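So you can see what is in the structure, the chains are spelled out below.
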Amino acid sequence: MFRRIASGTAAALMVLSVAAGTVAAGGPPKPAFYVDGTQFRTVGTPTDFSGTGAPSHSFDRIYVLGGDLVNVAEAKPGDRDYNGGRWMVLPVTWHVAPVQLTSAEQVEAYATAGKLSIAETPVKLFECPVIPMGGRR
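Residues numbered from 1 in each chain as written. Predicted model: local features only at pLDDT ≥ 70, side-chain atom pairs only at ≥ 80, totals over all residues. Heavy atoms only, no water.

Asker: Explain the overall build of the protein to me, please; I cannot follow it from the model alone.
Answerer: Each helix and strand counted, the protein has 2 helices and 8 strands in total. Reading the secondary structure of the protein in the N-to-C direction produces α-β-β-β-β-β-α-β-β-β. Within the protein, the fraction of its 137 residues that count as buried is 27%. When the accessible surface of the protein is summed, it comes to about 8500 Å², and 59% of that surface belongs to carbon and sulfur atoms. (Helix = DSSP H or I, 4+ residues; strand = E, 2+ residues; numbered from the N terminus. Buried < 20%, exposed > 50% of the residue type's maximum accessible area, 1.4 Å probe, protein only. Areas by Shrake-Rupley, 256 points an atom, 1.4 Å probe, with all protein chains shown as cover.)

Laid out in structure tokens, this is it:
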């Protein structure tokens, strides 16, 4: 009987530690950004690569569109140039009424057309997983 109680208590503590770790890392997966017209989710992590000297080419860009708009990233798992979930966060400044964009190509086209500006300096460098909204890919 003691063994069952001890096993049950250990299992409960393990579940609680996993739950606490998920909350500390930013909670469960949630919609995070679009890549090539597909929405992805992620789990926020406490990583911070600012000041590490990592080269900018080792990060993929996430464009922060602002307001209630979903962010846009330039790469996803399976892309040749995907950097494994290492991100450089670049806010945009709108020069027209903001609209939901769903690809990096759209963001860059809007910038070229003068409809928005992309920050030159990232506001954050970090790592987090990328999870398709519909499950596995």
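Asker: What is the right way to look at the packing of aromatic side chains in this model?
Answerer: The geometry of an aromatic ring pair is captured by two quantities: the separation of the ring centres and the angle between the planes. Considering all chains together, one arrives at 4 aromatic pairs under this definition. Summarising the aromatic geometry, the rings of Phe33 and Trp87 are spaced 5.3 Å apart at their centres and angled 55° between planes, so their arrangement reads as tilted. Of the two residues, Phe33 sits in strand S1 (residues 30-35) while Trp87 sits in strand S5 (residues 86-94), which places them 54 residues apart along the sequence. The buried category is assigned to Phe33, whose relative accessible area is 2%. Look at Trp87 and you get buried, because its relative accessible area is 0%. Aromatic rings pair up to connect Phe33, Tyr82 and Trp87 into one cluster. Taking NZ or CZ as reference, Arg86 lies 4.5 Å from the ring centre of Phe59, over its face. Positioned over the ring face of Phe126 is Lys124, at 4.9 Å from the centre of the ring. (Phe/Tyr/Trp six-rings, centres within 6.5 Å; stacked < 30°, edge-to-face > 60°. Lys NZ or Arg CZ within 6 Å of the ring centre and 35° of its normal.)

Asker: Would you mind showing me how to read the side chain of Thr42 here?
Answerer: With respect to the helices, strands and loops of the structure, Thr42 is situated in strand S2 (residues 38-42). With relative accessibility at 9%, the residue Thr42 sits in the buried group. At a separation of 2.3 Å, a polar atom in the side chain of Thr42 contacts the main-chain carbonyl oxygen of Pro129. (Polar contact = N/O pair within 3.5 Å; in protein donor to acceptor, adjacent residues only side chain to side chain.)

Asker: Can you walk me through the confidence of the model for the protein in this structure?
Answerer: Detailed reading of predicted coordinates is not advised where the pLDDT is low. Per-residue pLDDT for the protein has a mean of 80; in total, 76% of the residues score no lower than 70. The model gives residues 4-26 a pLDDT under 50, and that stretch makes 7 contacts with residues more than four places away or in other chains. (pLDDT = per-residue confidence, 0-100. Contact = heavy atoms within 4.5 Å.)

Asker: Whenever I open this one, the pattern of salt bridges confuses me. Can you help?
Answerer: Side chains that carry opposite charge are capable of pairing whenever their charged atoms lie near each other. This model, assessed by the stated rule, comprises 2 salt bridges. For Lys76, the salt bridge goes to Asp36, with nearest N and O atoms at 2.9 Å. One end of the pair, Lys76, is in the loop between strand S4 (71-73) and S5; the other, Asp36, is in the loop between S1 and S2, and 40 residues separate them in sequence. Look at Asp36 and you get partly exposed, because its relative accessible area is 40%. (Salt bridge = Lys/Arg side-chain N within 4 Å of Asp/Glu carboxyl O.)

Asker: Could you clarify how one ought to interpret the nonpolar core in this entry?
Answerer: Within soluble globular proteins, side chains that are nonpolar generally end up buried alongside one another. With 16 residues, the main nonpolar core has Tyr63, Leu65, Val92, Leu101 and Val107 as its most contacted residues. At the level of elements, S5 and helix H2 (104-112) are the ones that each hand at least two residues to this core. Considering each element in turn, this core owes the most residues, 4 residues, to S5. Setting aside residues up to four positions removed in sequence, Val92 forms contacts with Tyr63, Val64, Leu65, Val107, Leu116, Ser117 and Ile118. Residues Val35, Phe40, Cys128 and Val130 belong to the second largest nonpolar core, which totals 11 residues. (Core = buried A, V, L, I, M, F, W, Y, C linked by side-chain atoms within 4.5 Å.)

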